[in-house]
Each structure stands twice: as structure tokens, then as C-alpha cells.
Amino acid sequence: MLYERQKTLQKELDARIPRGLRGEPQNTVRHIVYSQRLHGKSFDESVEIAVTFVRQSYPNFTPRILPPPPHS
């Protein structure tokens, strides 16, 4: 069951938060959001926590967050 949850969260992450180049703060945001989602936080809560954390080191950072994909 944990494996299925991890795969689902990874797909959500890939669809909503694009990867950055190596060492970019965007990747730190992805990592923190994934971790927070595994611990039961909502997507929006996770993004808020991650961006707050990253902005401590990169005050002008603007994350690239995509809207949720349309439901079919």
C-alpha cells in the first residue's frame, strides 16, 4: 500500500511541480512537498511549507507550480 501511495504522490508531483536544474531551489521545493505529502499534509499546505522554507535561503524565489490537470 505504501508503494502505491508513493507512486501516486510522485505522479502528482511530476504533474504539478516541474523539476529544476541540478542545485536549483525548485528541486528543494519538490523534495519538501513530497515529504510533507507522505506525512499527510494537503498539496497546498505542503507547497506553503516548502516555499516558506526555501525563501529563508532564497528570498526572491518564485516556485513554478502548475494548476491541477483537468479531470476526465
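Residues numbered from 1 in each chain as written. Predicted model: local features only at pLDDT ≥ 70, side-chain atom pairs only at ≥ 80, totals over all residues. Heavy atoms only, no water.

Colleague: Would you mind showing me how to read the overall build of the chain here?
Modeller: Looking only at helices and strands, the chain has 3 helices and 0 strands in total. When the helices and strands of the chain are placed in sequence order, the string is α-α-α. Principal-axis analysis of the C-alpha atoms places the extent of the chain at approximately 35 × 25 × 25 Å. Looking at the chain as a whole, 28% of its 72 residues are labelled buried. Partitioning the intrachain contacts of the chain with sequence separation of at least 6 by distance along the chain shows that 50% fall at a separation of at least 24. Roughly 5400 Å² of accessible area belongs to the chain as shown, and the carbon and sulfur atoms make up 56% of that amount. Considering the chain, the positive charge centre built from 11 side chains and the negative charge centre built from 7 side chains are found 5 Å apart. (Helix = DSSP H or I, 4+ residues; strand = E, 2+ residues; numbered from the N terminus. Buried < 20%, exposed > 50% of the residue type's maximum accessible area, 1.4 Å probe, protein only. Contact = heavy atoms within 4.5 Å. Areas by Shrake-Rupley, 256 points an atom, 1.4 Å probe, with all protein chains shown as cover. Lys, Arg positive; Asp, Glu negative; His and termini not counted. Charge placed at Lys NZ, Arg CZ, Asp CG, Glu CD.)

Colleague: I would appreciate a short explanation of the packing of helix H2 (residues 25-38) against helix H3 (residues 43-57) in the present structure.
Modeller: For any two helices packed against each other, the geometry comes down to the angle between their axes and how far apart the axes lie. Interaxial distance between H2 and H3 falls to 8 Å at its minimum, and their mutual angle equals 140 degrees. Here H3 runs oblique to H2, going by the angle between their axes. For H2 against H3, the interelement crossing comes out right-handed. Residues Pro25, Thr28, Val29, Ile32, Val33, Gln36 and Arg37 of H2 lie in contact with H3, whose contacting residues are Phe43, Ser46, Val47, Ile49, Ala50, Phe53 and Val54. Looking at the contact of H2 with H3, its residues break down into 10 nonpolar, 3 polar and 1 charged. (Axes fitted to C-alpha atoms, helices over the stretch in contact; angles between N-to-C directions. Parallel < 35°, antiparallel > 145°, perpendicular 65-115°, else oblique. Left-handed = near helix turned anticlockwise from the far one by under 90°. Nonpolar A, V, L, I, M, F, W, Y, C, P; charged D, E, K, R; others polar.)

Colleague: Is there a simple way to explain the nonpolar core in this structure?
Modeller: When a protein is soluble and globular, its nonpolar side chains tend to lie buried together. Listed in full, the 11 residues of the largest apolar core are Leu13, Ile17, Val29, Ile32, Val33, Phe43, Val47, Ala50, Val51, Val54 and Phe61. Put simply, the parts of the chain that give this core at least two residues each are H2 and H3. Ranked by the residues each element gives to this core, the list is headed by H3, at 5 residues. Aside from chain neighbours lying at most four places away, what touches phenylalanine 61 is Pro25, Gln26, Val29, Val54 and Arg55. (Core = buried A, V, L, I, M, F, W, Y, C linked by side-chain atoms within 4.5 Å.)

Colleague: Help me out: how do you make sense of H3 in this one?
Modeller: The terminal C-alpha atoms of H3, which comprises 15 residues, lie 22 Å apart, in line with the 21 Å expected from a rise of 1.5 Å per residue. Where H3 is concerned, the buried positions are Phe43, Ser46, Val47, Ala50, Val51 and Val54. Each buried residue of H3 sits inside an arc of 125 degrees when the element is viewed along its axis, so together they form one side. The exposed residues of H3 that point more than 90 degrees off its buried face are Asp44, Glu48 and Gln56. Here the buried face of H3 lies against helix H1 (2-16) and H2. (Expected span 1.5 Å × (residues − 1). Arc of directions from axis to C-beta.)

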